[in-house]
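Each chain, written out:
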Amino acid sequence: MEQKIKAYKAFDKDLSCRGFKYEVGKEYEETGDIKACKKGFHACPYPLDVFGYYAPARSRFCEVEQSGQIDDSESDKVCSSKIRIGAELDIRGLVKAAVSFVKERCTNECNAEPGKPATAGNYGAATAGNRGAATAGYSGAATAGNYGAATAGNYGAATAGYRGAATAGNYGAATAGNYGAATAGYSGAATAGYSGAATAGNYGAATAGNYGAATAGNRGAATARGKASTGSNGLSVARGNNVQVKGGIGAILVIAEEGEDTYDIVDWKAVLVDGEVVKADTWYRLENGELVEVD
């Protein structure tokens, strides 16, 4: 029986990768010798590894199925002669897939050993090593190492390392390292590092580092050095090169462009989303001191 691998692939905004444009639902095949980084279709078995190749603020993501000739010699990606492009996923979908990926590979409950799940009840603390899964209940604290998944309930704190996924419930705090994804619920705080993705619910605060994407709900605050988005009456702040902001009605958008070779601000603007001059739920960038809609 032909081997089939479930994986995740990142694309540019037009769903292209290295100049080749894909379509959701289509299958593609490459002939000849397949070798990672040279020839074939590449995808990552662990969902958040895609952030190492494509920044979340500038990309799209799909679940894929790989088959045919397989080269899995690379540590974080698989190369195949066939690939089928499945459903498109948003950041929340990738985080959910990452948590499931880790939990499916954890077989025995043991708090201290890497690669095994740690579970604590309400007010408890759970810690797991690299590629481990840590889950804590209401008001608990969950910490997982690199590539790990940490989940905490309401009022809890979830922390995951490099390329990890951290999820906290309402009023919780979720922190993920570089290329990681942090998600917090209502009034929560989500922080992700370089090329990471941070998502917080209504009244929440989301912060992402360079090339990251930060999204917060209504009355929330989103800060990023990539793309910042909030709902109605929120605050979106983006600073860097070619950054973008978006907000709902009543939101304040602040955008600052830095110099190409320095971190000095060369231009900036702050506006209110009124639905007329500045449209709601529309991405803007800064050009010659004025906001310009992004196609």
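Our subject in this report is the structure included herewith.

What counts as what
Residues numbered from 1 in each chain as written. Predicted model: local features only at pLDDT ≥ 70, side-chain atom pairs only at ≥ 80, totals over all residues. Heavy atoms only, no water. Helix = DSSP H or I, 4+ residues; strand = E, 2+ residues; numbered from the N terminus. Rg over C-alpha atoms; globule rule 2.2 N^0.38 Å. Buried < 20%, exposed > 50% of the residue type's maximum accessible area, 1.4 Å probe, protein only. Contact = heavy atoms within 4.5 Å. Areas by Shrake-Rupley, 256 points an atom, 1.4 Å probe, with all protein chains shown as cover. Core = buried A, V, L, I, M, F, W, Y, C linked by side-chain atoms within 4.5 Å. Phe/Tyr/Trp six-rings, centres within 6.5 Å; stacked < 30°, edge-to-face > 60°. Lys NZ or Arg CZ within 6 Å of the ring centre and 35° of its normal. 1 Å grid on protein atoms, 1.4 Å probe; cavity = no way out; pocket = protein on both sides within 12 Å on 5 of 7 lines; lining within 4 Å. Points joined across faces, edges and corners; volume = space filled by probe spheres on them. Nonpolar A, V, L, I, M, F, W, Y, C, P; charged D, E, K, R; others polar. Pairing = 2+ DSSP bridges. Salt bridge = Lys/Arg side-chain N within 4 Å of Asp/Glu carboxyl O.

Of the regular secondary structure elements, the chain holds one helix and 26 strands. In terms of C-alpha radius of gyration, the chain reaches 20 Å, essentially the compact-globule figure of 19 Å for 295 residues. Dimensions of the chain, computed from C-alpha atoms along their principal axes, come out at roughly 60 × 50 × 35 Å. Counting all 295 residues of the chain, 50% fall into the buried class. Taking the intrachain contacts of the chain between residues at least 6 apart in sequence as the baseline, contacts between residues at least 24 apart amount to 33%. Surface accessibility of the chain: about 13,800 Å² in total, with carbon and sulfur atoms responsible for 46%.

Turning our attention to the nonpolar core. Among the nonpolar cores identified, the biggest contains 41 residues, and V245 and L253 are the most heavily contacted of them. Here this core gets four residues from one element, more than from any other, and that element is strand β19 (residues 205-216). Setting aside residues no more than four positions away along its own chain, L253 makes contact with S236, V245, K246, G247, K269, A270, V271, V273, V278 and Y284. If you look at the next biggest cluster of nonpolar residues, it comprises 34 residues, including V64, I91, Y147 and A197.

Before going further, it helps to examine the packing of aromatic side chains. For the coordinates displayed, the defined rule picks out 15 aromatic pairs. Ring centres of Y155 and Y171 lie 5.0 Å apart, and the angle between their planes is 5°; this geometry places the pair in the stacked category. Here Y171 lies in the loop between β14 (165-168) and β15 (173-176) and Y155 lies in the loop between β12 (149-152) and β13 (157-160), a separation of 16 residues in the sequence. Classification of Y171 by relative accessible area gives partly exposed; the value is 42%. Ring pairs connect the aromatic residues Y46, Y147, Y162, Y179, Y194 and Y211, which therefore count as one cluster. The positively charged end of R163 is found above the aromatic ring belonging to Y179, 5.0 Å away from the centroid. Its end group placed over the ring of W283, K227 keeps NZ or CZ at 4.1 Å from the ring centre.

The next point concerns the layout of surface pockets. Counted as a void, the largest pocket has a volume near 490 Å³. Looking at the lining of the largest pocket, the elements with two or more residues in it are β1 (5-11) and β5 (41-43). Class assignment of the residues belonging to the lining of the largest pocket gives a composition of twelve nonpolar, two polar and six charged. Considering only enclosed or pocket space, the second largest pocket measures out at about 370 Å³ in volume. If you trace the second largest pocket, you find 21 residues lining it, with P56, D90, I91, A213 and T215 closest to the centre. Contributing elements (two or more residues each) for the lining of the second largest pocket: β6 (60-71), β7 (78-89), α1 (91-104), β18 (197-200), β19 and β20 (221-229).

Its location among the elements puts G40 in the loop between β4 (27-29) and β5. Separated by 31 residues in sequence, G40 and D71 have C-alpha atoms that sit 9.0 Å apart. G40 has contacts with E30, I34, C79 and S80, leaving out every residue within four places of it along the chain.

Next up on the list: unusual backbone geometry. Although it is not a glycine, S187 adopts a positive phi angle of roughly 60°. Tracing the chain through its elements places S187 in the loop between β16 (181-184) and β17 (189-192). Assessed through its relative accessible area of 27%, S187 is described here as partly exposed. At N233, a residue that is not glycine, the phi angle is positive and equals roughly 60°. With respect to the helices and strands, the residue N233 is situated in the loop between β20 and β21 (235-240). Exposure remark for N233: the relative accessible area of 40% places this residue in the partly exposed category.

Of the strand pairs in this sheet, strand β23 (residues 252-258) and strand β24 (residues 265-272) are connected by seven bridges, and their pairing is antiparallel. By the bridge assignment, E258 is partnered in β24 with I265. A loop of six residues connects β23 with β24, the two strands running antiparallel in sequence.

Next up on the list: the pattern of salt bridges. What the rule picks out here adds up to eleven salt bridges. Between E23 and K26 there is a salt bridge, and its shortest N-O distance comes to 3.3 Å. When its relative accessible area of 44% is taken as the criterion, E23 is described as partly exposed. The exposure class assigned to K26 is partly exposed, which follows from its relative accessible area of 39%.

This next bit is on the environment of V99. Summarising the element assignment, V99 is placed in helix α1. Distance in space between the C-alpha atoms of V99 and G148 is 8.0 Å, their sequence separation being 49 residues. Residues within four places of V99 in sequence aside, it is in contact with A149, T151, A165 and T167.

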